[in-house]
Amino acid sequence: DPQVRVRTMIRLSVLGQVGKPGFYQIAADMLASDAFMTAGGPAGGANPNKAWVKRGGQEIWPKDAFRDALRQGLTLDQLNLRAGDALYLDPKNIHFNPLTIIYTVSAVSSSIFLLHRIGIF
């Protein structure tokens, strides 16, 4: 008596203030809030009220409607999401850190200096 279990998957982009933004195969029966957890969960300081869904560059679930859907515990299937849709979590909350540029310039300068001293440059 073989048994077969099938689970429908949707390929979505999960972007913004999540641990690992990118593309994910997510079960259609998964809660919309769990889709963010699949991508590493919300980053520190992310505002869950600033989440929405886009399809082909057009917002199909604006912030207020998506927030209500999250509160109701709707699944990705109930939201009528399909492959290629993008879930955003507070992407404009990314803060500029000038130290990152200073560290990068310092590392590149040191590398060039070292390569020059060795005779490669």
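Overview of the structure.

What counts, and where the lines are drawn
- The residue numbering used here restarts from 1 in each chain and proceeds along that chain's sequence as written.
- In view of the model being predicted, local features appear only for residues whose pLDDT reaches at least 70, and side-chain atom pairs are presented and counted only at 80 or more, with totals across whole chains, interfaces and linings using the full set of residues.
- Neither water nor hydrogens contribute to the side-chain values; these are computed over all heavy atoms in the structure.
- Pairing between two strands is assigned when DSSP locates at least 2 bridges connecting them.
- Numbering of helices and strands runs from the N terminus; a helix is a DSSP stretch of H or I covering at least four residues, while a strand is a stretch of E covering at least two.
- Throughout, an axis means a line fitted to C-alpha atoms (over the contacting stretch in the case of helices), and angles, computed between N-to-C directions, take values from 0 to 180 degrees.
- Put simply, buried Ala, Val, Leu, Ile, Met, Phe, Trp, Tyr and Cys residues joined by side-chain atoms within 4.5 Å make one nonpolar core.
- Relative accessibility thresholds used throughout: buried, under 20% of the residue-type maximum; exposed, over 50%; partly exposed, between the two (1.4 Å probe, protein chains only).
- Should any heavy atoms of two residues lie within 4.5 Å, those residues are considered in contact.

To continue, consider the sheet that holds strand β2 (residues 22-27). Within the open sheet, the 5 strands sit side by side as β2-β1-β5-β3-β4. Their pairing is mixed. Two strands close off the open sheet at either side, each with one partner strand: β2 and β4 (58-61). In this sheet, neighbouring strand axes are inclined to one another by 40 degrees on average, regardless of whether the strands run parallel or antiparallel. Sheet analysis places strand β3 (residues 51-55) next to strand β5 (residues 86-89), joined by 4 bridges and oriented antiparallel. Along β5, the bridge assignment pairs Ala51 with Leu89.

What follows covers the nonpolar core. Counting residues in each nonpolar core, the largest one holds 23 residues, and the members touching the most others are Phe36, Phe66, Leu76, Leu79, Leu81 and Leu87. Sorting the residues of this core by element identifies β1 (9-16), β2, α1 (32-38), β3, α2 (63-72) and β5 as the ones contributing at least two each. Excluding its chain neighbours within four sequence positions, the residues that come into contact with Leu79 are Ala32, Trp61, Phe66, Ala69 and Leu74.

This next bit is on the pairing of β2. Direction of pairing for β1 relative to β2: antiparallel, over a ladder of 6 bridges. Of the residues in β2, the one forming a bridge with Arg11 is Gln25. In textbook terms, the turn of a hairpin is the stretch between consecutive antiparallel strands, and for β1 and β2 this stretch comprises 5 residues.

Any functional reading would require information that these geometric values do not contain.
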